[in-house]
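One-letter residues, chain by chain:
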Amino acid sequence: MGRGKLRIYLGAAPGVGKTYAMLSEGHRRIERGTDCVVAFVEHYGRPRTEVMLHGLEQVERRELEHRGAVFTEMDVDAVLRRAPAVALLDELAHTNIPGSRNTKRWQDVEELLAAGIDVVSTVNIQHLESLGDVVESITGVRQRETVPDEVVRRADQIELVDMSPEALRRRMAHGNIYTPDKVDAALSNYFRPGNLTALRELALLWVADRVDEYLQRYRSEHRVSKIWGSRERIVVGLTGGPEGRTLIRRAARLAEKGAGGEVLAVYIASSDGLTSASPDELAVQRTLVEDLGGTFHHVVGDDIPAALLAFARGVNATQIVLGVSRRKSWQYVFGPGVGATVARDSGTDIDVHLITHDEAGKGRGLPVARGARLGRSRIIAGWAVGVAGPAIMAVLLNTVHLGLANDMLLFLSVTVAAALLGGLLPALASAAVGSLLLNYFYTPPLHRWTIADPKNIVAIVIFVAVGASVASVVDLAARRTHQAARLRAESEILSFLAGNVLRGETGLEELLERVRETFGMESAALLERSGDHEPWTCAGRAGIGPPVGRPEEADVDVAVGDHMALALTGRVLPAEDRRVLAAFAAQAAVVLDRRRLLEEADRARALDEGNRIRTALLAAVSHDLRTPLAGIKAAVSSLRSDDVAWSEEDRAELLEGIEEGADRLDHLVGNLLDMSRLQTGTVTPLIREVDLDEVVPMALVGVDEDGVRLDIPETLPMVAVDAGLLERSMANLVENAVKYSPPGKPVLVAASALADRVEVRVVDRGPGVPDEAKERIFAPFQRYGDAPRGSGVGLGLAVARGFAEAMGGTLDAEDTPGGGLTMVLTLRAQAPHAPQPLPSPQEQPERQAT
């Protein structure tokens, strides 16, 4: 049977109609022929809610006494026995009366869901655990009854039951929520308009977040790339400059104007990993955007406008906020700039805001130790100096002739300047133009393209060689700096990635999303197959329309071993990016392996639990069943013997022995069948409240009355155990203690309460066990010391510990003061009953449901 489905009606405050909506749903289910029952609903004297209960089957509640008063709670066992298709259960965050099966009602719901029962429940927004501080700051009331957010998030359906504050206050004034004597206090305290408005906003935003999660999942599954402006999602483009703080604050103000607005700040670095941005400034801006409730993202892309738009469309953004360019007016001759390009290519589905700031128009300048390849502006300047510089120098030297040596040095200085600015090619061009001009204007014979003196040929060759050498050094330095900076960027990415993976902070899907976002791709998927000729399967995916067929169908694929590959779609990546991508792929394989190892560990724990139960089962079969069978066989053989004339008293005694043995055998077989069903997963241990003085004496059947002394106070609290398993554990412990106790020294079975536990001690005065062997005696088939062969096969203590742990208890061995061994069986005690305190007027809203 599969797990049941959970549907939750969420409201902002008591009285909005959650319970009414839940009961209406119950009537609709019954009209459709669904088996639906009311597991627990309290109408609190509200007439309309009480009427809705008519026609619905209600499971009988369980009565609990608490500090002299009787309270009712949902009877989980009764609902499980009834096994309806749907159970209606009010007040998900309710705290059960002490003595109940579970502490919280949502834990009861988990049991029903695990049994395959669908549950429809209700909860108020103020009862969500994560919102406790917020609600207290709004209402001044600390919510003591809470439910973990994850429980509500896992619900298959969440439906908001909404009502305006004015309408809710009218319902309150008409007496539809509280009794008339409580209306005035409620209206002037918890149900103030401001409180209700704030709680309503919390509920609306929380549900909107859940809807957004579903929408993103839907878009991904259906490969929807077009922007759906369902909510304002604002992307802030950062350059790493100081104007970023202004842009972030402006985007936050824009987000506040729209319902559920979200801010995503993104910094786009070139694919070579180099940046002129200050790391300290980026860190400050990351902190600022996170303090304002947004998120910070680092994306790699050569084409900044295209990468920014790809990111915005990937997160379904509706607006982009950019700063006015810092370039000077003359620099626009090299292109329109990022802002204008993004605005032009954004289309009609994304609005682009250009925000003015103090740095606009001031220029970027050349950063010190920029660590990048020669930029476009430097290359253009190098070509300008390399081509126009020699001509200008020739014009100047025609007016003042300084001699061939000085002329060559001046031309060489122009070539070196071209090399420093533009690198190799502008320097070579400068050397070529300069050598021609030197030959034509300054080398005899003048104004001819010939050289008379061979020494001048050597000088010009040296001139060209020096220029080329300087240019090659500049270009080599730029390349080495580029490589070093790229490696630094790669190491930062990999360090961040490895740290997250090693700390277990990143799951496979989150890691694939990071890959997709970092490289500006549309989707990413980890594909694997079991053999060379087996089909590929998708182990994890992220983004819109990830490749799930073959790695070759993707734009980029990186092999991870022989049968695994990371596949990405969106664009073709340059070769230098594949090294980092390969590292991501290897980390994805590690994350997948770790996830599977954790799953294997869980399965191993389950198998270990099954092995422990099997061991106990085999021990009971081979050991406990043999004794009553032997007794029954001996008594029957004696009665059938013709050699002995049995008296009526002897016959009655033998028959009594047969009857006792059969009863014990029947009881053991019943326990063994229960254990067999437990091992196969068809039943769960029946944990219920049990008095020790009811179970322990039953475990002493067959033991000499003079050999055991009981000390179990009547004032002990009840324990939460399975009576059958406890009986078998105690029988094995007592039998083991009697076996090793010397004659005349009875075994003491004593019990005492300690905090929330009850300890049962089985004390013997035997030889005892050294500390190093105290754990070994609980292993199967272990017999300590010189125990005779006929004293058992060494499974009694293993069975006892296995049963104790199956009930959630522990079994340990301790030394008996004065000599001997004490077995300490620790069980969970039920909390002492105490009456439920009546809520104060300020607390009533959190303890009552609609």
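Residues numbered from 1 in each chain as written. Predicted model: local features only at pLDDT ≥ 70, side-chain atom pairs only at ≥ 80, totals over all residues. Heavy atoms only, no water.

Q: Explain the sheet that holds strand 23 (residues 810-815) here, please?
A: Note on sheets: strands pair through backbone hydrogen bonds, and any given pair is parallel or antiparallel. Here we have five strands laid out as an open sheet, ordered 19-21-22-24-23, and mixed in their pairing. Unpaired on one side and paired on the other, strand 19 (708-711) and strand 23 mark the two borders of the sheet. Averaged over all neighbouring strand pairs, the angle between strand axes comes to 20 degrees, with direction disregarded. With seven bridges joining them, strand 21 (residues 747-754) and strand 22 (residues 757-763) adopt antiparallel strand pairing. Residue Ala 751 lies in a different strand from strand 22, and its bridge partner there is Val 760. Contacts from helix 23 (residues 723-740) reach strand 19, strand 21, strand 22, strand 23 and strand 24 (821-828), with the element oriented near 30 degrees to strand 22. (Pairing = 2+ DSSP bridges. Helix = DSSP H or I, 4+ residues; strand = E, 2+ residues; numbered from the N terminus. Axes fitted to C-alpha atoms, helices over the stretch in contact; angles between N-to-C directions. Contact = heavy atoms within 4.5 Å.)

Q: Sorry, what's going on with the sheet that holds strand 16 (residues 556-559) here?
A: Strand order in the open sheet made by the four strands is 15-14-17-16, with antiparallel pairing throughout. Looking at which strands have only one partner, the edges of the open sheet turn out to be strand 15 (537-543) and strand 16. Averaged over all pairs of adjacent strands, the angle between strand axes in this sheet comes to 15 degrees, irrespective of strand direction. In terms of strand pairing, strand 14 (residues 523-528) meets strand 17 (residues 564-569) through six bridges, oriented antiparallel.

Q: Explain the packing of helix 22 (residues 692-699) against helix 23 to me, please; I cannot follow it from the model alone.
A: To characterise two packed helices, one gives the angle between the axes of the helices and the distance between these axes. As a packed pair, helix 22 and helix 23 sit with axes 8 Å apart at the nearest point and diverge in direction by 50 degrees. With respect to their mutual orientation, helix 22 and helix 23 come out oblique. Crossing of helix 22 against helix 23: the hand is right-handed. Of the residues in helix 23, those touching helix 22 at Leu 692, Val 695, Val 696, Met 698 and Ala 699 are Ala 723, Leu 726, Glu 727, Met 730 and Ala 731. Considering only residue class, the contact of helix 22 with helix 23 consists of nine nonpolar, no polar and one charged. (Parallel < 35°, antiparallel > 145°, perpendicular 65-115°, else oblique. Left-handed = near helix turned anticlockwise from the far one by under 90°. Nonpolar A, V, L, I, M, F, W, Y, C, P; charged D, E, K, R; others polar.)

Q: Would you take a moment to explain the packing of helix 12 (residues 304-314) against helix 13 (residues 338-345) for this structure?
A: For the pair helix 12 and helix 13, the least separation of the axes is 9 Å and the interaxial angle reads 45 degrees. The angle between the axes of helix 12 and helix 13 places the two elements in the oblique class. Crossing geometry of helix 12 relative to helix 13 is assigned as right-handed. Side by side, helix 12 and helix 13 meet where Ile 304, Pro 305, Leu 308, Leu 309 and Arg 313 of the first sit next to Val 338, Thr 341, Val 342 and Asp 345 of the second. The residue inventory of the contact of helix 12 with helix 13, partitioned by class, reads six nonpolar, one polar and two charged.

Q: Can you walk me through the pairing of strand 4 (residues 62-66) in this structure?
A: The side chains of a regular strand alternate between both faces of the sheet. With five bridges connecting them, strand 4 and strand 5 (residues 69-73) associate as antiparallel partners. Paired with Arg 62 across the bridge in strand 5 is Glu 73. Hairpin connection from strand 4 to strand 5: two residues lie between these consecutive antiparallel strands, with Arg 67 at a positive phi of about 55 degrees.

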